[in-house]
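In case you want the letters, here they are:
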Amino acid sequence: MVGSRQQRLITALALMGPRPRAYLAGLLWPESAEQQAAGSLRATVFKVRHQLPGLLSDTLEPVSLAPRVAVDVRKLRERAELARSGAPMERGLDELLYVAELLPGWYEDWVIFEQERLRALRVATLEALAWQYLDRDEPDLALAAARQAARIEPLRESAYVLIVRAQIQAGNTAAAHRTVEEFRRRLRDELGLEPSARLRAAAGGGSGDLLGLPAPVLAHQHPRYASHRQLTKEL
């Protein structure tokens, strides 16, 4: 098993691609003097080549993984970008996005940056998939994708808009109203903020509801023949 220094070097190359030696030395040993950091990098590269032959490319500068080495996170990013561009949905992509946590338990600044970058991509892709499911009239799948986006970013309003749209499309208007109110309470309690006009209109039940939610009515006022034309309004 490789040591922690070797793990950090391999991880940096996997996440960032080829990098100059000076960059890697400063990244991985930021508190060391330049000469000492360069020496640490040389020793680490030597150990990786010795312990895991074929993992690194033969070039000395920049340092990189060998071309044949596959990196899961790179493949996930490529698949996610394709989905966001409107390409046909790949089977199983949404399930993969649900669980694709990057290096939990690593707290170095450069790792945290990459974690946040992947988290943002996961959320944006899940929302794009939710819209695709809505367009295909699959509200249950859209709801699952939107809820996962909200789980990753609990205060992201666009994810809740998609949850509401999916609930409306599934014919569950009561759940849509509950979702709006729950998000409104959470945003107020945690940040002291109010939702945007789009959700405020839905929560208030006004006739100009921007989400297409019908206004709540008392049970004795509810017409048995009420139509659901408003439920298909565009956001």
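Everything numeric here is computed off the predicted structure, so don't read it as measured data.

Calculation notes
- Residues numbered from 1 in each chain as written.
- Predicted model: local features only at pLDDT ≥ 70, side-chain atom pairs only at ≥ 80, totals over all residues.
- Heavy atoms only, no water.
- Helix = DSSP H or I, 4+ residues; strand = E, 2+ residues; numbered from the N terminus.
- Buried < 20%, exposed > 50% of the residue type's maximum accessible area, 1.4 Å probe, protein only.
- Contact = heavy atoms within 4.5 Å.
- Salt bridge = Lys/Arg side-chain N within 4 Å of Asp/Glu carboxyl O.
- Phe/Tyr/Trp six-rings, centres within 6.5 Å; stacked < 30°, edge-to-face > 60°.
- Lys NZ or Arg CZ within 6 Å of the ring centre and 35° of its normal.
- Core = buried A, V, L, I, M, F, W, Y, C linked by side-chain atoms within 4.5 Å.
- Expected span 1.5 Å × (residues − 1).
- Polar contact = N/O pair within 3.5 Å; in protein donor to acceptor, adjacent residues only side chain to side chain.
- Axes fitted to C-alpha atoms, helices over the stretch in contact; angles between N-to-C directions.
- Left-handed = near helix turned anticlockwise from the far one by under 90°.
- Nonpolar A, V, L, I, M, F, W, Y, C, P; charged D, E, K, R; others polar.

1. Overview of the overall build of the chain
Within the chain one finds 10 helices and 0 strands. The secondary structure elements of the chain, listed N-terminal to C-terminal, are α-α-α-α-α-α-α-α-α-α. Burial analysis of the chain (235 residues in total) assigns 42% to the buried set. For the chain, the share of sequence-separated contacts (at least 6 apart) that also reach a separation of at least 24 residues comes to 56%.

2. Concerning the pattern of salt bridges
Enumeration according to the criterion identifies 7 salt bridges in this entry. A salt bridge links Arg77 to Glu114, with the nearest nitrogen and oxygen atoms 2.9 Å apart. A residue pair is termed long-range when its members are at least 10 positions apart, and Arg77 in helix α4 (residues 72–84) and Glu114 in helix α6 (residues 109–135) qualify at 37 residues. Sharing partners across several salt bridges, the network here consists of Arg77, Glu114 and Arg117.

3. Looking at the packing of aromatic side chains
By the definition in use, this model includes 1 aromatic pair. With centroids separated by 4.5 Å and ring planes inclined at 35°, the aromatic side chains of Tyr160 and Phe183 adopt a geometry described as tilted. On the criterion of sequence distance, the pair formed by Tyr160 in helix α8 (residues 157–169) and Phe183 in helix α9 (residues 173–191) is long-range, its members being 23 residues apart. On the accessibility criterion, Phe183 (1% relative accessible area) is buried. Here the basic side chain of Arg19 rests over the ring of Tyr23, its NZ or CZ set 5.5 Å away from the ring centre.

4. A word on the nonpolar core
Counting residues in each nonpolar core, the largest one holds 54 residues, and the members touching the most others are Leu9 and Trp110. Per-element accounting of this core gives the leading share, 10 residues, to α6. Ignoring sequence-local partners within four residues, the contact set of Leu9 consists of Leu24, Leu28, Leu41, Thr44, Val45 and Val48.

5. Focus: the environment of Glu138
Note that Glu138 resides in the loop between α6 and α7 (139–152). Glu138 sits 32 residues away from Ala170 along the chain, and the two C-alpha atoms are 8.4 Å apart. Residue contacts for Glu138: discarding those within four places in its chain leaves Tyr133 and Gln169.

6. As for α6
Between its first and last C-alpha atoms α6 spans 39 Å; for 27 residues at 1.5 Å apiece the expected length is 39 Å, and the two agree. Looking one or two places after α6, you find Asp137, whose phi comes out positive at around 60°.

7. A few points about the environment of Glu108
Structurally, the position occupied by Glu108 is in the loop between α5 (93–99) and α6. Linking Glu108 and Leu27, residues 81 residues apart in sequence, is a C-alpha distance of 9.9 Å. Within the local environment of Glu108, its side chain forms a polar contact with the side chain of Arg8, the two groups lying 3.1 Å apart.

8. Some words on the packing of helix α1 (residues 4–16) against α6
For any two helices packed against each other, the geometry is given by the interaxial angle and the distance between the axes. Relative to each other, α1 and α6 sit at 35°, their axes nearing to 11 Å. As for the relative orientation of α1 and α6, their crossing is left-handed in sense. Across the interface between the two elements, Arg8, Thr11, Ala12, Leu15 and Met16 of α1 pack against Trp110, Glu114 and Arg117 of α6. Of the residues contributing to the contact of α1 with α6, the split by class is 4 nonpolar, 1 polar and 3 charged.

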